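Letter by letter, the chains look like this.
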Amino acid sequence: MNIFQGTAFTLEERQIMGIQGLMPAAILTQEEQMVRVMTNFYKRSNDLDRYIYLMALQERNERLFYRVLCEHTEEMMPIVYTPTVGQACQEYGVTFRKPRGLFLSINDKGHLFEMMCNWPEQDVKAIVVTDGERILGLGDLGSYGMGIPVGKLSLYTALGGIVPEQCLPILLDVGTNNEKLLNDPLYIGLKRPRVKGQEYDDFVEEFMTSAVRKYGQNCLIQFEDFGNHNAFRFLEKYRDRYCTFNDDIQGTASVAAAGVFAALRITGKKLSDNVFVFQGAGEASIGIAQLIALAMEEEGTSTEEARSKIWMVDSRGLIVKNRPKGGVSGHKVDFAKDHEPVDKLEDVVSKLKPTVLIGAAAVPGAFTTKILKEMGEFNKRPVIFALSNPTSMSECTAEQAYQATEGRCVFASGSPFSPVQLNGKLYHPGQGNNAYIFPGVALGIIACGVRHVEDKIFLHSAKALADMVTQENLDEGRVYPPLNLIREVSVQIATKLAEDVYREGLATTYPEPANKEEFIRSHIYEPDYECFVPETWPWPQN
Ligand SMILES: O=C([O-])CC(=O)C(=O)O
Ligand SMILES: [Mg+2]
């Protein structure tokens, strides 16, 4: 636990702790300290330096760090999280100061439980784990990927109100296939090719059993930025045995579905009246497609019909049955169509005339001007989501999308874009990032003691998020609530989750709270300083 409060320690606290004189005489409030932080923050000339500055603050004075994140969320999120965290991971060898989180390597096989016992906190309620194989849309960053669990968990606290000591970032180091890192003298991980097959699976299995042995069956384990092939396998393998979910599949699905639900209020269409085209058929696309299909089914559409509205394009072209180029396996099969092969996204869009176009394959520029213009020709209000992260991987920029559609598109992206001015009107692109979902879902799960994270949770969270979008937001082109409300979004998602899980007998925290929202709010961590002076201080004189 980090208790350093610096110049905010009162005189009594300084005396009691024997630290008087170890700091200057002035006694500052947390608000005054925040002025210093913000001044330093603005002085930095680039975002990576701002990231390094904030990480040092987190290390030095955790409560002040979270106060800053809570009060300046919109400004801080792109630094401690996407997109800057991506750059920080790419340059982790240089940004690295003091290790944060737990590093478990394949060489430690057989000792993972003992190593978890080295972690100083005992009451861990949430783990975010990665093996660094697919960090955002940046690919294999090996151990440098640790920035992601650290960043995600700082949002657990800042946005979801989870107590920092209850959060544990974990990096599973099984090597890397990134040549650049293998030749990088500053690389912090194992310099060996990735371990695969049975040995890798056994290692992950040992990690899961050790985590639960140490922290209990209720410990929430969020899988993050694993390679496609492993992400789906582990989700299937562990979802019924552990309290676990995959953020890139389920969290992203939820936030994208919420954006679609809100967009329907603008386009005036029913969900099942849409034609969806996905650029990509990886974790995010499959997750979104499955959740949208589930939402259609809940509205009475058959599974077959729901899937017929959803088309996918991967690196080998449109996903059709018996594709000459092959590669239709796993969940892609569910969305494969009886249709002639089409190689290019541009041709797919021309032929299918989608109402909703979603990109999540980290192919920058995949939404060409021609595609965007056609979306504008086919639809009064085309829905265009460029979800790949970080910004450099986005399928198009917000400006390109608004320009090509004369401002008519409903646009959202995974990484933030600034508002766009076009013909005298200001357009607010949405940030369709799972950060709207995972902190609230985690808060609800931890507070209610949920043991299994069902898909329905993500569908209902999507609806709760979409419900928070006001008519005024929609008029501005927003399909998500403004980021400065994101903490409240988490409370609403967690409250909805609490109502559902108690009704369905999935909660294990008893007695059942009568007022779910109050119950959720009572769990929220506040970064105010603690008082270290016992009530009896100063001691009575006689
Ligand atoms: O981290 C983010 O910004 C969203 C996410 O999970 C990813 O892109 O992998
Ligand atoms: Mg991710």
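Residues numbered from 1 in each chain as written. Chains lettered and ligands numbered in written order. Predicted model: local features only at pLDDT ≥ 70, side-chain atom pairs only at ≥ 80, totals over all residues. Heavy atoms only, no water.

Draft legend 1. Structural context of the domain arrangement of the protein chain. Parsing the protein chain into structural domains produces domain 1 (1-80) and domain 2 (250-433). One C-alpha centre belongs to domain 1, the other to domain 2; they are set 42 Å apart. (Domains from an automatic or database assignment.)

Draft legend 2. Fine view of the pairing of strand S9 (residues 356-359). The alternating pattern of S9 places Val356 and Ile358 on one face and Leu357 and Gly359 on the opposite face, and all of these are buried. As paired strands, strand S6 (residues 276-279) and S9 are joined by 4 bridges and run parallel to one another. Bridging across to S9, Phe278 finds its partner in Ile358. With 4 bridges connecting them, S9 and strand S10 (residues 383-386) associate as parallel partners. The partner of Val356 across the bridge, within S10, is Val383. (Buried < 20%, exposed > 50% of the residue type's maximum accessible area, 1.4 Å probe, protein only. Helix = DSSP H or I, 4+ residues; strand = E, 2+ residues; numbered from the N terminus. Pairing = 2+ DSSP bridges.)

Draft legend 3. Quick peek at the pattern of salt bridges. For the coordinates displayed, the defined rule picks out 37 salt bridges. Notably, a salt bridge pairs Lys309 with Glu305, separated by 3.9 Å at the nearest N-O pair. A salt bridge links Glu406 to Arg408; the nearest nitrogen and oxygen atoms lie 2.9 Å apart. Within this structure, Lys456, Lys496, Asp500, Arg503 and Glu504 form a network of salt bridges that share partners. (Salt bridge = Lys/Arg side-chain N within 4 Å of Asp/Glu carboxyl O.)

Draft legend 4. Structural view of the UniProt feature "binding site: (S)-malate" (unreviewed entry) in the protein chain. Following the UniProt record, the feature "binding site: (S)-malate" (unreviewed entry) maps to Arg134, Asn389 and Asn433 here. From this annotated list, the subset lining the largest pocket comprises Arg134, Asn389 and Asn433. Tracing the backbone shows Asn389 in the loop between S10 and helix H19 (398-404). Once you skip the residues sitting within four places of it in the chain, Asn389 turns out to touch Thr82, Leu136, Gly137, Gly414, Ser415 and Asn433. With respect to the helices, strands and loops of the structure, Asn433 is situated in the loop between strand S14 (430-431) and helix H20 (438-448). In this structure Asn433 touches Tyr81, Thr82, Val255, Asn389 and Gly414, once residues within four positions along its chain are discounted. In terms of polar contacts, Asn433 uses its side chain to reach the side chain of Tyr81, at 2.7 Å. (UniProt positions renumbered as here; feature names shortened; annotations may be inferred. 1 Å grid on protein atoms, 1.4 Å probe; cavity = no way out; pocket = protein on both sides within 12 Å on 5 of 7 lines; lining within 4 Å. Contact = heavy atoms within 4.5 Å. Polar contact = N/O pair within 3.5 Å; in protein donor to acceptor, adjacent residues only side chain to side chain.)

Draft legend 5. Layout of the site of ligand 1. In the neighbourhood of ligand 1, the contacting residues comprise Tyr81, Thr82, Arg134, Leu136, Lys152, Glu224, Asp225, Asp247, Asp248, Asn389, Asn433 and Asn434. Within the contact set of ligand 1, an oxygen atom lies 3.3 Å away from a side-chain nitrogen or oxygen of Tyr81. Within the contact set of ligand 1, an oxygen atom lies 3.0 Å away from a side-chain nitrogen or oxygen of Lys152. Within the complex, the protein chains bury 93% of what would otherwise be the 260 Å² of accessible surface of ligand 1. Given that more than half its atoms are within 2 Å of the pocket grid, ligand 1 belongs to the largest pocket. Of the residues that constitute the shell around ligand 1, the class distribution is 2 nonpolar, 4 polar and 6 charged. (Near = heavy atom within 4 Å. Areas by Shrake-Rupley, 256 points an atom, 1.4 Å probe, with all protein chains shown as cover. Sits in = over half its atoms within 2 Å of the grid points. Nonpolar A, V, L, I, M, F, W, Y, C, P; charged D, E, K, R; others polar.)

Draft legend 6. Up close: the coordination of the magnesium ion (ligand 2). Only Glu224 (OE), Asp225 (OD) and Asp248 (OD) from the protein coordinate the magnesium ion (ligand 2), and they sit 2.0 to 2.1 Å from it. Take Glu224: its relative accessible area is 1%, and that puts it in the buried class. (Donors = N, O, S within 2.8 Å, 3.2 Å for Na, K, Ca; no water.)

Draft legend 7. Representation of the sheet that holds strand S3 (residues 167-173) in the model. Taken together, the 5 strands give an open sheet; going across it, the order is S1-S3-S2-S4-S5, and neighbouring strands pair in parallel fashion. Of all the strands in the sheet, the pair left with one neighbour each is strand S1 (102-105) and strand S5 (244-246). Each strand axis lies, on average, 25° off the axis of its neighbour in the sheet, ignoring direction. Sheet topology places strand S4 (residues 220-223) next to S5; 3 bridges connect them, and they run parallel. Of the residues in S5, the one forming a bridge with Phe223 is Asn246. Seen against the sheet, helix H13 (residues 247-267) touches S4 and S5 and runs at an angle of roughly 75° to S5. (Axes fitted to C-alpha atoms, helices over the stretch in contact; angles between N-to-C directions.)

Draft legend 8. Fine view of the side chain of Thr130. Relative to the assigned elements, Thr130 resides in strand S2 (residues 126-130). Separated by 3.0 Å, the side chain of Thr130 and the backbone nitrogen of Gly132 make a polar contact. Thr130 has contacts with Ile135, Gly145, Pro149, Ile170, Leu171, Leu172, Glu224, Asp225 and Phe226, leaving out every residue within four places of it along the chain.

Draft legend 9. Structural context of the nonpolar core. In this structure, Leu104, Ile127, Tyr156, Ile170 and Phe207 are the most contacted members of the largest nonpolar core, which totals 163 residues. Residue contributions to this core peak at 12 residues, all from H13. Looking at this core, you find at least three residues from each of domain 1 (1-80) and domain 2 (250-433). When residues no more than four places from it in sequence are discounted, the contact partners of Ile170 are Leu102, Leu104, Met116, Ile127, Val128, Val129, Thr130, Met146, Pro149 and Phe207. (Core = buried A, V, L, I, M, F, W, Y, C linked by side-chain atoms within 4.5 Å.)

Draft legend 10. A look at the sheet that holds S9. Taken in spatial order, the 7 strands make up an open sheet running S8-S7-S6-S9-S10-S11-S14, and their pairing is mixed. Strand pairing shows two members of the sheet lacking a second neighbour, strand S8 (317-318) and S14, which therefore form its edges. Relative to strand S11 (residues 410-413), S10 runs parallel, the two being bridged by 4 bridges. Counterpart to Ile384 in the pairing with S11 is Phe411.

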